[in-house]
Each structure stands twice: as C-alpha cells, then as structure tokens.
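Residue-level listing of the chains:
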Amino acid sequence: MGRAVPASTHEDYSHLDLSEHDPLQKVAESQEPLEPEGRQSSQSLFTWALTLFGTAVGAGILFLPINAGSFGFWPLLIATVFIGPLVFFSHRTYSRIVSASPTRGLDVLEIVYELTGRKRGLATAVMYWLSIYPTVLIYGVSITNTVDSFIVNQLHGPQLNRWVLAPLCVGALTAVFVLGRRVVLRIASILVYPLIIALGGISLYLIPKWDLESFFHYQSHTPIWLSLLLILPVLVFSFSHMAAVSQLVLDMEKSHGAENEKQVSKVELVTTIMLVVFTMFFVWSCSMALGADGMDKAAEANVPVLTYFANVTHTPMMAFAAPVIALIAIATSYYGHMMGTEEGTKYLVRFFAPEWAERVEGRKFSILIYVAVFVTTSLVAILNPSIMDLISVVGGLFVAFLVYILPMLLFQRAKSLRSYARRPETVIIFLVGLLIMGVTVYNLVH
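Just so it is clear, the structure is predicted and the values come from calculations on it, not from any experiment.

### Some details on the nonpolar core
By size, the foremost hydrophobic cluster in this structure holds 145 residues, and its most contacted members are F239, M280, F282, Y334 and Y335. Of all the elements, helix α17 (residues 387-413) adds the most residues to this core, at 17 residues. Residues in contact with F282, not counting those within four places in the same chain, are I61, L62, P65, L199, I202, S203, V305 and L306.

### Considering the side chain of S95
Turning to its location among the elements, S95 is positioned in helix α4 (residues 73-99). Residues within four places of S95 in sequence aside, it is in contact with V245, V249 and V264.

### What to know about a nonpolar patch on the surface
Nonpolar side chains collect at one region of the surface, where W163, V164, L168, I367, V371, V375 and L379 lie side by side and expose about 660 Å² of accessible area between them. Every element with two or more residues in the nonpolar patch is listed here: α7 (162-174) and α16 (363-383). Note on placement: V371 falls in helix α16.

### Description of the side chain of E268
Among the structural elements, E268 can be located in helix α12 (residues 260-301). For the buried E268, no salt bridge exists, and the shortest N-O distance to an oppositely charged side chain is 8.6 Å, to R92. When residues no more than four places from it in sequence are discounted, the contact partners of E268 are L52, F88, H91, R92, H241, V245 and L248.

### Considering the environment of S392
Summarising the element assignment, S392 is placed in helix α17. Of the residues examined, S392 reaches a relative accessible area of 23% and is grouped as partly exposed. When the C-alpha positions of S392 and F237 are compared, they lie 7.5 Å apart, and in sequence the two are 155 residues distant. Residues within four places of S392 in sequence aside, it is in contact with P233, V234, L397 and T440.

About the cut-offs
- Residues numbered from 1 in each chain as written.
- Predicted model: local features only at pLDDT ≥ 70, side-chain atom pairs only at ≥ 80, totals over all residues.
- Heavy atoms only, no water.
- Core = buried A, V, L, I, M, F, W, Y, C linked by side-chain atoms within 4.5 Å.
- Buried < 20%, exposed > 50% of the residue type's maximum accessible area, 1.4 Å probe, protein only.
- Helix = DSSP H or I, 4+ residues; strand = E, 2+ residues; numbered from the N terminus.
- Contact = heavy atoms within 4.5 Å.
- Patch = residues over 30% accessible without salt bridge, like charges linked within 9 Å, V, L, I, M, F, W, Y side chains within 5 Å.
- Areas by Shrake-Rupley, 256 points an atom, 1.4 Å probe, with all protein chains shown as cover.
- Salt bridge = Lys/Arg side-chain N within 4 Å of Asp/Glu carboxyl O.
- Lys, Arg positive; Asp, Glu negative; His and termini not counted.

Encoded structure:
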C-alpha cells in the first residue's frame with residue numbers, strides 16, 4: 001500500500017471532507033510508502049494468474065455443474081460461449097478502479113472512499129465484506145459436508161456429530177493463518193498445481209461415462225432464456241476472483257508504474273482462459289456423466305459434485321481422489337477469501353471503533369478476526385444451510401454489484417475516470433450486473 005495523497009490535491013475529490021479526525025483517512029495515510037517504480041513484482045504474470053485461478057476455483061465451481069448442467073444442453077452451451085468475455089471484461093473493468101486511480105498505492109476500498117466520500121465509501125465497504133465473508137461460510141459448510149461424506153461413504157466410519165466435526169474442519173483451515181500470510185500464500189500457490197491437474201484428470205476420466213444422446217435430448221421444463229438467467233448468479237460466483245484483484249494491481253504498480261493496466265489485462269486474460277478451459281470442460285464432463293437426474297440428487301445431498309460422484313460410482317480411484325480434490329479446491333479459495341475477510345473486517349472496525357482498533361492493531365487484531373470467523377463459520381456449518389442458495393445470493397447480489405455495477409458508478413462520478421464509463425464493455429457489464437441482481441431478487445421473493 002502507498003501513502004495517500006491528500007484528497008484536496010485532486011479536483012475530483014474537492015467535495016470531500018477528509019479531516020484529520022477521519023478514521024479512514026488515517027488508515028490510508030498510515031500505509032507504508034509505495035515501492036519505487038521499476039522494482040521487480042513479487043509475483044510473475046503466470047504466478048498471479050495461478051493465484052487468481054486458485055481464488056476462483058472453490059465451492060462455486062464444484063457446485064456449478066449441479067446448477068448449470070441441470071437445464072440441459074443448449075443453456076449450458078450458450079453459457080460456455082459468453083462466460084469467457086463476461087469474466088474478462090468484468091474483472092478488467094473492476095481492476096481499473098485501482099489501476100486508473102490518480103492516487104497510487106491505495107486498495108479498492110480506499111479509492112472508493114476518496115472518490116465518493118464517507119457514506120458511499122462505507123456502503124461499498126459493507127457490500128465488499130458481504131461478498132467475501134459469506135463465501136467463507138460457504139466453504140465452511142462445504143468442507144464439513146465433504147469430510148462427513150468421505151468418512152461415512154468411503155471410510156465406512158460413523159457419522160460424527162456436526163458440533164464436533166464442523167469446528168474440527170473449519171479449525172483445520174483457519175489454523176494455518178497463525179503461521180502468517182506468506183506461509184498461507186505459499187501453501188495456496190502450491191495447492192493450485194495439483195488442483196489444475198486433478199480437474200483436468202477427472203474431466204478426462206469421466207469421458208467414457210458420458211451419455212451424449214440423453215444429455216443432448218434432455219428437455220428442461222424451464223425455457224432456455226429463463227435457464228440462462230437462473231445460471232448467471234452461480235456463474236458470477238464461480239468465476240469471481242475479485243478478492244485478489246486489488247492486490248494484483250498494487251503489485252503490478254510496483255514493477256510497471258503507469259503501465260500496470262496493460263499487465264493486469266494480460267494476467268486477467270490468462271486467468272480467464274484457464275478458468276474457462278478447465279472449469280467449463282469440468283462442468284460439461286460432469287453434466288454428461290451424471291445427467292440431469294444425478295444433478296438433482298447431488299443438489300439434494302448438499303455436497304460438491306465430486307463428492308456425489310465418489311458416492312455413486314463405487315470405483316476406488318474416484319472414491320478417494322474426488323473428496324481430496326474437493327478439499328484442495330475448497331482450501332485454496334478459503335485462504336483467498338479469508339484474507340479478504342480480514343482486510344474488510346479491519347476496515348469496518350477502524351471506521352466504527354477507531355480507538356479500539358488502534359489499541360489492538362497488529363497481530364492481535366488479526367488473531368481476534370480469525371477467532372471470530374472460526375466461531376461463526378463453525379456455527380453455520382453445524383446448521384448446514386443450502387449451499388446453492390448461499391451461492392446464488394452472494395454471487396447474484398454482492399459480487400454482481402461490486403464487479404459489474406460499481407465500476408460504472410465510480411467512472412461516472414470521477415472526472416479522471418469518466419472516459420472508461422463511455423466504453424462499450426463498461427456499459428454492457430453494467431447492464432448485465434443489473435440483470436443478474438434483478439434475477440436474484442426475483443428468485444428471493446418468489
């Protein structure tokens with residue numbers, strides 16, 4: 001992070017009242033100075049693409065076949081065609097909030113605060129937190145159900161009480177953060193490689209089980225246009241890697257300065273290609289192997305599709321490999337979203353209780369957040385709500401607002417960014433975001 005340039009030096013920010021008593025301004029000014037331009041980036045382009053890939057691949061992708069495949073061949077084909085451009089342009093547009101900002105070295109929340117003031121900045125911070133923290137809850141439910149199914153169906157052991165199992169599973173994931181962020185990032189980056197190989201391997205392994213004829217002729221009771229709308233919220237969630245985009249841009253600023261936007265676009269392009277190729281191949285392979293009836297049964301079991309495969313195929317390889325792959329996917333995304341939850345929580349606490357936050361600043365602050373997340377995530381995992389419902393709400397409301405709608409609102413407000421608001425991709429992404437949020441709200445009230 002870099003030191004914030006006082007808002008009064010920018011014409012775009014002249015309407016703001018950033019007094020010395022403002023806790024969020026103090027947060028921005030307390031950051032360490034930005035590294036000099038020309039310094040080597042801490043991660044290479046491809047390493048960053050792997051990081052973003054690992055952030056996106058998690059419970060959403062493991063549940064995506066259950067949602068997208070249940071509507072049949074044509075909706076899935078259409079979704080496969082447009083998801084690539086949708087993911088690339090939405091995240092590239094979102095990254096421009098940071099990369100095109102006249103104030104260098106601030107993350108997305110600090111920039112939104114400077115551009116819009118206290119009230120809108122706080123509202124955006126709350127939306128950001130609501131898009132990431134519930135995702136951690138989703139992973140807590142997912143890992144508990146995956147381990148529970150593995151013990152019962154593959155190890156033929158007893159079904160453990162969820163009051164015991166949930167804290168053990170969530171605690172195992174959260175305890176890694178005690179080792180420090182660098183260790184967590186290293187573990188997550190290492191896990192991405194076997195995850196990519198495993199997703200490709202499982203997709204190929206299922207090819208002999210494909211039933212092309214029945215899947216092609218399957219007729220959903222839902223019209224194609226409505227099927228596409230219902231798929232959108234889960235697609236948005238499954239491909240979202242917004243939690244790491246802000247840090248990507250800041251890292252690229254260190255080594256490329258004003259040229260960081262081009263480098264970010266390259267990383268986003270590589271990430272999108274990897275996500276579409278590995279994810280949609282996995283979705284197609286699972287869909288044609290399971291069929292629509294199998295998707296419905298997997299949804300009822302509230303487990304990832306790989307866990308369901310392990311339970312119904314009864315083959316030794318699938319029985320043990322599928323749950324392990326599911327656990328790796330959940331872990332990589334859990335780590336990325338846990339870091340986002342920590343950042344968002346600190347930001348909000350500094351806003352509402354700046355004096356208390358100053359007293360517990362540092363490692364103690366982080367540990368308190370880890371404990372709070374562990375307790376709440378364990379409780380939600382014990383309650384075992386529908387993962388598909390949680391994914392639809394988080395992806396269709398909070399992620400859609402931040403990644404698809406927020407950039408246009410900021411570009412319209414800030415003079416220095418207004419040229420981006422007139423770009424066709426910005427307008428299209430904004431309209432798609434409105435559509436996704438509208439569909440999600442409709443599903444909630446009906």
